[in-house]
Amino acid sequence: AMLEVAEIKLASGRLRGALGLASNAWTLFGDSLAGARAVRVMIQAHAAAGRLQEARTLALQRLAHFGRRGGGSEADRRAEASLNVALSAVSLLEGRPKEALKIATVASNRFAKLNDKAGRATALRAMAEAGLAIGGQSATKTALIHAEEGLDTARKAHDEKEEVAALLMLSRIHLARHELDDSYAFAQGAVEFSQSVEYSKGVAMALVDLGKIMLRLDEQPENVVQVTTEAVQIFEATGDWLGEVDARMVVAKAFHADDMKNYAMENLQAGLGIARRLKDRKRIDQVLNAMREMNVPEHALLLMEEEAEHARRAQDRRRRASAMHKAIEVKLGLGRIEEAFEDAQRAVELTKKSGHKLAMAKALRQLAEVTVVQRRHLESIPALQEAKKLYLEVGNAKAAGDVLQFMASIYQSTGSMKKALDLFAEQRTMYKSMGWQEEEAEALQELAALHMDMLGSNHAVTAIQEAITIHKELGDRSGEAHAVVQLSNFQLHARRGLASDSIKTVQQAKQAEALRTARYARQIFEALGDQSGEAVALQAISEIYLEQDLRQAAIDATKEALKLCQKAGDGMGEARALRWVAWVHARIVEDDVKDGLKPDREILAQALSATEECLSISQGLEDLPGQVNALRRMSTLQRFAKDGPAAMEAAQEALELCEKLNNTHTHGLVLMALAEAALVAKRKADARRAAEDALLMFEVLNNTLGMQDAKKALQAALRLPDEPPPPPPQAPAQAPRVAPPEGGGSGATPA
């Protein structure tokens, strides 16, 4: 009874009570199956509270305990498998889905040997959840297989609750794969099955998922409100507070879609009240995020500040710091950068007083991020170094690795490439010492790319081949294929060859080697049934064809990549493929311009068309970097078409989006696009101003090449004849009309 109450408290978000009861149950039951069940509740409670290190340590200690017993009885092996499922969930929360998949697979195999169908069904669902988190067509396809097997196993075990969970997992995977009809069918199936077995919570969970899918299907918002309100009522009746919070957030989205913002806010306020009573920081954050998305920024800011005050009164420094974190993000969006910086400093002081190292690390990282927005890049490094140290002290190596990567990106943007290289090497060494092979391989791929920029292809090829070896050892064919694509790019751009070789001979050898490598990568993706991966390989192949002057073959390869992404329903992949189609066409135009030839009008028109499509998709996906790249590419193409005003219009629109992007390097590139467009339009003042602004940006970044380009554009602007003064205004015969502002345009560049 004690253990059952602990599980009920865990499900309803009363984590402290769940942890206390489970701890008492463990003391009572010891190494029995019931004791393992109690430990699993403790692990889940620690993880739900954000104490991932404590959760992992407890799981590993108990697994080591059973390991020392030499396998022991059947009950020991069953308990060990159950703990592995819990550990898999912790790895997933740590942001290590591949590790989570590996651990869950071990659990599934052990349950299979024990003929424990109920246990195996939960392990298979954990495997499916890890595959969903990994993402991509190949991983989610495998996740579907695991989820389907889990559903079949749950049915054989007559485990009704696990059957509902498996149906909902299948629905979520199909949703991630943009297979909306299948997603809807499985969610509806979960509703009907839960009703048939009188499982109220299952009905409510399925209705919430159904509401999310209906919103994606653009169903009438009032229908979504009806479905999800029923879920709220069920959660209220059963006392499932966490479920009610989740349901109210979907109800709010439906009301917001119906332009009934007051009703949306009522549901969010109710959800926030429940989360506050539970002292559930995670749910509080989720509701505040929803409020921010559905309100004008100023209103959202008031809500964040109100939550910070609630937390202050409750003497919960961590919760207060979290609310301040959200408020800082909103202030940055509003351009109130100095206020955001002052708040970030206060948040650091607040978390230091709380003594909570993880909260301190998060606050320090945000302080560094705000400092970067202020364009004081190198001044952010001390805060990041302290954050990295704190993350390591609490055992969060993944977050520490992310901080190292952030520091490396800062050094890259300021031209300190050697320091960036050292940080990526440190990241790789840290992961290697911990035995984190997946993360080590990823770090090696980052290291390889930087080696290519700095030291040339030999160092880059060595690093990427190490990464490929790790992927092979892990049996990660998808990771191997992506690394092989990267290798083909290094081979194409390698600087090598004997002194006796002609330049043409060396180039042909590089191109042939790179093409073989890229085709091998495509073969791996084909074997995996990963159409999005195939598209990535085809994009690499198209660049090689361009180098071989096989223009039509390059165009055909990019179009085939686009069709594969469309067939896979991969929206982001489709945007990338369109960007690549545009890039290949634009590259052909650029090569002709460099050779003093007139651009092919048909190729230019196709490039513009693909770029406009790319912009449209990026807007639909709310992909801000994609929109900026598209508009910058559009500006370049319009400049090649000698349409200066249209080129300026696209660049100015990109410039407006750059204010939200907070990427100084991209900002500088867009300013250069505006300067070059203004030169074509013979707009001396605009060209001069944009070139001067770009020069300042590149000086801040210590970007030598950028500064050289900006100086050239500035000199070209100064050589333009002065523009005639505007005609004097005439007295209007009637009330003056305000001229429409400039705006609009579109465009794209490859990633």
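Every value quoted in this text rests on a predicted model; they were computed, and no experiment measured them.

Parameters and conventions
- Residues numbered from 1 in each chain as written.
- Predicted model: local features only at pLDDT ≥ 70, side-chain atom pairs only at ≥ 80, totals over all residues.
- Heavy atoms only, no water.
- Disulfide = S-S within 2.5 Å.
- Axes fitted to C-alpha atoms, helices over the stretch in contact; angles between N-to-C directions.
- Helix = DSSP H or I, 4+ residues; strand = E, 2+ residues; numbered from the N terminus.
- Parallel < 35°, antiparallel > 145°, perpendicular 65-115°, else oblique.
- Left-handed = near helix turned anticlockwise from the far one by under 90°.
- Contact = heavy atoms within 4.5 Å.
- Nonpolar A, V, L, I, M, F, W, Y, C, P; charged D, E, K, R; others polar.
- Phe/Tyr/Trp six-rings, centres within 6.5 Å; stacked < 30°, edge-to-face > 60°.
- Lys NZ or Arg CZ within 6 Å of the ring centre and 35° of its normal.
- Polar contact = N/O pair within 3.5 Å; in protein donor to acceptor, adjacent residues only side chain to side chain.
- Core = buried A, V, L, I, M, F, W, Y, C linked by side-chain atoms within 4.5 Å.
- Buried < 20%, exposed > 50% of the residue type's maximum accessible area, 1.4 Å probe, protein only.
- Expected span 1.5 Å × (residues − 1).

Student: Before we go on, may I ask you to explain the state of the cysteines in this structure?
Tutor: Here, the word disulfide means a covalent bond between the sulfur atoms of two cysteines. Scanning the model with the defined rule gives zero disulfides in all. Cysteine Cys 565 remains unbridged, with the sulfur of Cys 614 as its closest cysteine sulfur at 12 Å.

Student: Mind showing me how you'd approach the packing of helix 16 (residues 297-313) against helix 17 (residues 317-333) here?
Tutor: Between helix 16 and helix 17, the shortest axis-to-axis distance is 8 Å and the interhelical angle comes to 165 degrees. Regarding the angle of helix 16 to helix 17, the classification is roughly antiparallel. Along this stretch, helix 16 crosses helix 17, giving a crossing that reads as left-handed. Contact residues: helix 16 offers Pro 297, Leu 301, Met 304, Glu 305, Glu 307, Ala 308, His 310, Ala 311 and Arg 312, while helix 17 offers Arg 319, Arg 320, Ala 323, Met 324, Lys 326, Ala 327, Val 330 and Lys 331. Across the contact of helix 16 with helix 17, the residue classes break down as nine nonpolar, one polar and seven charged.

Student: Would you mind showing me how to read the packing of aromatic side chains here?
Tutor: Within a pair of aromatic rings, the relevant descriptors are the distance that separates the centres and the angle that separates the planes. Under the counting rule described, the total for this entry stands at three aromatic pairs. Here the guanidinium or amino end of Arg 96 rests over the ring plane of Trp 436, the centre of that ring lying 3.5 Å away.

Student: Explain the side chain of His 585 to me, please; I cannot follow it from the model alone.
Tutor: Of note, His 585 is situated in helix 29 (residues 571-594). A polar atom in the side chain of His 585 sits 2.8 Å from the backbone oxygen of Val 581. Sequence-distant contacts of His 585, that is, excluding residues within four places in its chain, are made with Ile 555, Ile 603, Gln 606 and Ala 607.

Student: Please explain the nonpolar core as it appears in this structure.
Tutor: Most often, soluble globular proteins keep nonpolar side chains buried together rather than apart. Judged by nonpolar contacts, the single largest core of 107 residues is most densely connected at Leu 384, Tyr 391, Ile 464, Phe 490, Val 584 and Leu 637. For this core, the element with the most residues is helix 29, which contributes eleven residues. Setting aside anything within four residues of it in sequence, one finds Tyr 391 in contact with Leu 358, Ala 361, Lys 362, Asn 396, Ala 399, Ala 400 and Val 403. One finds Val 164, Val 191, Val 227 and Ile 274 within the second-largest nonpolar core, a separate group that totals 62 residues.

Student: Where do I start with helix 7 (residues 117-134) in this structure?
Tutor: Residues separated by three or four positions in an α-helix point in the same direction, a consequence of the helix having 3.6 residues per turn. With 18 residues, helix 7 extends 26 Å between its outermost C-alpha atoms, agreeing within 8% with the 26 Å of an ideal straight helix rising 1.5 Å per residue. By the burial criterion, the buried members of helix 7 are Gly 119, Arg 120, Ala 121, Thr 122, Ala 123, Leu 124, Ala 126, Met 127, Ala 128, Ala 130 and Gly 131. Summarising the contacts, the buried residues of helix 7 are in contact with helix 5 (74-93), helix 6 (97-113), helix 8 (136-156) and helix 9 (160-176). A distance of 3.4 Å separates the backbone nitrogen of Ala 118 from a side-chain oxygen at the start of helix 7, and that oxygen is part of Asp 116. Residue Gly 135 follows helix 7 closely and has a positive phi angle near 80 degrees.

Read these as layout, nothing more, since geometry by itself doesn't imply function.
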